[in-house]
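# Topology and contacts: notes
These are the residues of each chain, in order.
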Amino acid sequence: MATVANPTPRLASRLVNGLLSVKPLASFAKHQARTMMIKRAESIGVYWMQEVQALRSRGGTADFDPAWEQDLALITNHDLAYPAYYVRSFHAYEEGNLGWEPATEVEVAAHAVHARIFPDAGAQGDALLRQSYHAVLQANIPEAPQAVLDIGCSVGMSTTALQQIYPQAQVTGLDLSPYFLTIARYQAQRRSESGETATQSSTLNWMHGAAESTGLPDASFDLVSACLLFHELPQTAAVQILQEAQRLLRPGGHLAIMDMNPQSEIYAKMPPYILTLLKSTEPYLDEYFALDLEAAIVNAGFAQPTLTCNTPRHRAIVAKIQEKS
Ligand SMILES: C[S@@+](CC[C@H](N)C(=O)[O-])C[C@H]1O[C@@H](n2cnc3c(N)ncnc32)[C@H](O)[C@@H]1O
């Protein structure tokens, strides 16, 4: 593929891959990664166990509220065929993204993982990360979009954050995990009703689908945003998703991608032990790091993108669609 810059992982990375191909070592690494994350969460005042339990029970007395299963059935697209790369373990969960345990833990995990991006940010790290992305959007997109598609929206943290900066827009969150979408819809409604967020849950739509083949009409969005999605994709899927975004955008529309920055020194200098833990939970990291994403964006029919390092370890890429002939 023309867009692959460096398909051969670095030596340290190859050693890590060798270790992770031994199943008991991979299981140990995943267990360690999870333990480290829970400890980090508790150390910054994110009470993992309590928060997850409150969500599972929806504040009631049952360990797990049966209404979750009813909501899941409503949001699930039963005709959807999952891509093979998606149906596997991710993030230390054997069931990957397709289960209640990962779904109810996404938010606390995001707070733990993003706590260290900015010095002393702690539990505010996640909000600061999103603000840094939004500052790039606002600097690079002159007109506020009216229709926004958030691909790989997970439990809706990126979707509701986008809705807050574009309150006039209709925002659609799309994800392959119906479990995540069920949580997204519930949390958006609960937070809107309780006044925790100023935004209206009625301007949000949730869609169970694949970002590479959404089935949505041509030219129906002004902004397609992918926040922390691309590092979870094999290169073939990444390229297909860029082509689908191009199809979905209206003339003058923008694609925006925020994710890990492979050029960040933080990854180059990461101790092998930490790299092993990271890779044990992110199966497509080597493919993501090797992809020349800017070239792939241009190949998919966009103008030369702008790239901004929005944190010491993330980049935000914004590209305007090329005029269609
Ligand atoms: C790390 S999460 C990103 C979360 C969210 N955007 C945020 O900023 O918090 C990546 C999400 O992408 C979803 N995903 C992965 N591949 C996908 C695909 N091909 N189509 C749609 N969603 C996908 C996963 O289910 C997961 O929810």
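Rules of the game
- The residue numbering used here restarts from 1 in each chain and proceeds along that chain's sequence as written.
- Selection of residues for local features in this predicted model requires a pLDDT of at least 70, selection of side-chain atom pairs for listing and counting requires 80 or more, and totals for whole chains, interfaces and linings are taken over all residues.
- Values reported for side chains reflect all heavy atoms of the structure, with hydrogen atoms and water molecules removed beforehand.
- Buried residues are those whose accessible area, probed at 1.4 Å on protein chains only, stays under 20% of the maximum for their type, while exposed residues exceed 50% and partly exposed ones sit between those limits.
- In DSSP terms, a helix is any run of H or I states spanning at least four residues, a strand is any run of E spanning at least two, and both are numbered starting from the N terminus.
- Orient the strands so they point away from the viewer; a crossover is then right-handed if the path from the first strand over the helix to the second runs clockwise.
- Whether two strands pair comes down to DSSP finding at least two bridges between them.
- Residue contacts are defined here by distance: any two heavy atoms, one from each residue, within 4.5 Å place the two residues in contact.
- To obtain an axis, a line is fitted to C-alpha atoms, over the contacting stretch when the element is a helix, and the angle between two such axes runs from 0 to 180 degrees between their N-to-C directions.
- Residue proximity to a molecule or strand is established when one non-hydrogen atom of the residue lies within 4 Å of it.
- Polar contact criterion, stated in full: a pair of N or O atoms within 3.5 Å, where within protein one must be able to donate a hydrogen and the other to accept it, and residues adjacent in sequence count only if both atoms are side-chain atoms.
- Side-chain classes follow a simple rule in which Ala, Val, Leu, Ile, Met, Phe, Trp, Tyr, Cys and Pro form the nonpolar group, Asp, Glu, Lys and Arg form the charged group, and the remainder, Gly included, forms the polar group.
- What makes a nonpolar core is a set of buried Ala, Val, Leu, Ile, Met, Phe, Trp, Tyr and Cys residues whose side-chain atoms join them at distances within 4.5 Å.
- The length a helix should cover is 1.5 Å for every residue beyond the first.
- Values of bend correspond, residue by residue, to the angle between axes fitted over the seven residues ending at that residue and the seven starting there.
- One confidence number per residue, pLDDT, is output by the predictor and ranges from 0 to 100.
- Each aromatic pair joins two rings of Phe, Tyr and Trp (for Trp, the six-membered one) with centres within 6.5 Å, and gets the label stacked for planes under 30 degrees apart, edge-to-face for over 60, and tilted for any other angle.
- As a reminder, the over-ring test applies to NZ of lysine and CZ of arginine, requiring each to be within 6 Å of the ring centre and within 35 degrees of the ring normal.

### A few points about the pairing of strand β2 (residues 170–175)
Of all six residues that make up β2, five are buried, and the element is covered over most of its length. In the classification by handedness, the crossover that spans strand β1 (residues 147–151), the intervening helix α7 (residues 157–165) and the parallel β2 is right-handed. Sheet topology note: the β2/strand β3 (residues 204–208) ladder contains five bridges and is parallel. Note that in β3 the partner of aspartate 175 across the bridge is histidine 208.

### Let's talk about the side chain of threonine 159
As for its position among the elements, threonine 159 is in helix α7. The class for threonine 159 is buried, based on a relative accessible area of 0%. When near neighbours in sequence (up to four residues on either side) are disregarded, threonine 159 contacts Asp150, Cys153, Val171, Thr172, Gly173, Leu204 and Trp206.

### Comments concerning the sheet that holds strand β6 (residues 306–308)
Within a sheet, neighbouring strands are paired by backbone hydrogen bonds and run either parallel or antiparallel to one another. Read from one edge of the open sheet, seven strands run β3-β2-β1-β4-β5-β7-β6, paired in mixed fashion. Whereas interior strands pair on both sides, the edge strands pair on one side only; in this sheet they are β3 and β6. Strand-to-strand twist in this sheet, taken as the mean axis angle between neighbours without regard to direction, amounts to 15 degrees. Judged from the seven bridges that link them, strand β5 (residues 249–260) and strand β7 (residues 314–320) form a sheet pairing that is antiparallel. Residue pairing for β7: methionine 258 is matched across the bridge by alanine 316.

### Observations regarding the site of the ligand
Neighbouring the ligand are 22 residues, the closest being Tyr85, Tyr86, Gly152, Asp175 and Glu212. In this structure, a nitrogen atom belonging to the ligand sits 2.7 Å away from a side-chain N or O atom of glutamate 212. Tallied by class, residues from the shell around the ligand come to 13 nonpolar, five polar and four charged.

### Re the nonpolar core
Grouped together as the largest cluster of nonpolar side chains are 43 residues, with contacts concentrated most on Ile151, Phe230, Leu242, Leu255, Leu293, Ile297 and Phe302. When residues of this core are traced back to their parent elements, those giving at least two are β1, β4 (221–227), α9 (235–248), β5, α12 (285–290), α13 (293–299) and β7. The leading source of residues in this core is α9, at six residues. Formed by 27 residues, the second largest nonpolar core is a distinct cluster that contains Val148, Leu162, Ala169 and Cys227.

### Regarding the side chain of arginine 130
Relative to the helices and strands, arginine 130 is located in helix α6 (residues 125–140). What makes arginine 130 buried here is its relative accessible area of 9%. Arginine 130 has contacts with Met157, Ser158, Ala161 and Cys227, leaving out every residue within four places of it along the chain.

### With respect to helix α3 (residues 48–57)
What sets the pattern is the α-helix's 3.6 residues per turn: residues three or four places apart point alike. Burial in α3 covers these residues: Trp48, Val52, Leu55 and Ser57. Just past α3, the residue arginine 58 takes up positive phi, approximately 55 degrees.

### Some thoughts on helix α5 (residues 100–113)
Taking 1.5 Å of rise per residue, 14 residues should cover 20 Å, and α5 covers 20 Å from first to last C-alpha, within 8% of that figure. Residue valine 106 marks the point of greatest curvature in α5, where the axis turns by about 50 degrees. Summarising burial for α5: twelve of the 14 residues are buried, a large majority. Looking at α5, one finds that the buried residues are Trp100, Pro102, Ala103, Thr104, Glu105, Val106, Glu107, Val108, Ala109, Ala110, His111 and Ala112.

### Some points on the environment of glutamate 51
Note on placement: glutamate 51 falls in helix α3. Overall, the relative accessible area of 40% leaves glutamate 51 in the partly exposed class. Each C-alpha atom of the pair glutamate 51 and glutamate 107 lies 9.3 Å from the other, and the pair is 56 residues apart in sequence. With near-sequence residues (within four places) excluded, glutamate 51 lies in contact with Val46 and Val108.

### A look at the confidence of the model for the chain
Considering every residue of the chain, the mean pLDDT works out to 89; 88% of them sit at 70 or more. Within the model, the stretch residues 1–8 combines pLDDT values under 50 with 17 contacts to residues more than four positions away or in other chains.

### A look at the packing of aromatic side chains
Within a pair of aromatic rings, the relevant descriptors are the distance that separates the centres and the angle that separates the planes. One pass over the full model with this rule turns up ten aromatic pairs. Between the aromatic rings of tyrosine 82 and tyrosine 86, the centroid separation amounts to 6.1 Å while the plane-to-plane angle is 10 degrees, which identifies the pairing as stacked. Centroid distance tryptophan 100 to tyrosine 179: 5.0 Å. Interplanar angle 85 degrees. Geometry classified as edge-to-face. With tryptophan 100 in helix α5 and tyrosine 179 in helix α8 (residues 178–194), this residue pair connects regions lying 79 residues apart in the sequence. Comparing tryptophan 100 with tyrosine 179 shows no difference in burial state: the two are buried. Here the aromatic cluster, defined as three or more aromatic residues joined through ring pairs, consists of Phe64, Trp68, Trp100, Tyr179 and Tyr186. Directly above the ring of tryptophan 68 sits arginine 58, whose terminal nitrogen or CZ lies 3.9 Å from the centroid. Sitting above the plane of the tyrosine 284 ring, arginine 88 keeps its charged end 5.7 Å from the centroid.

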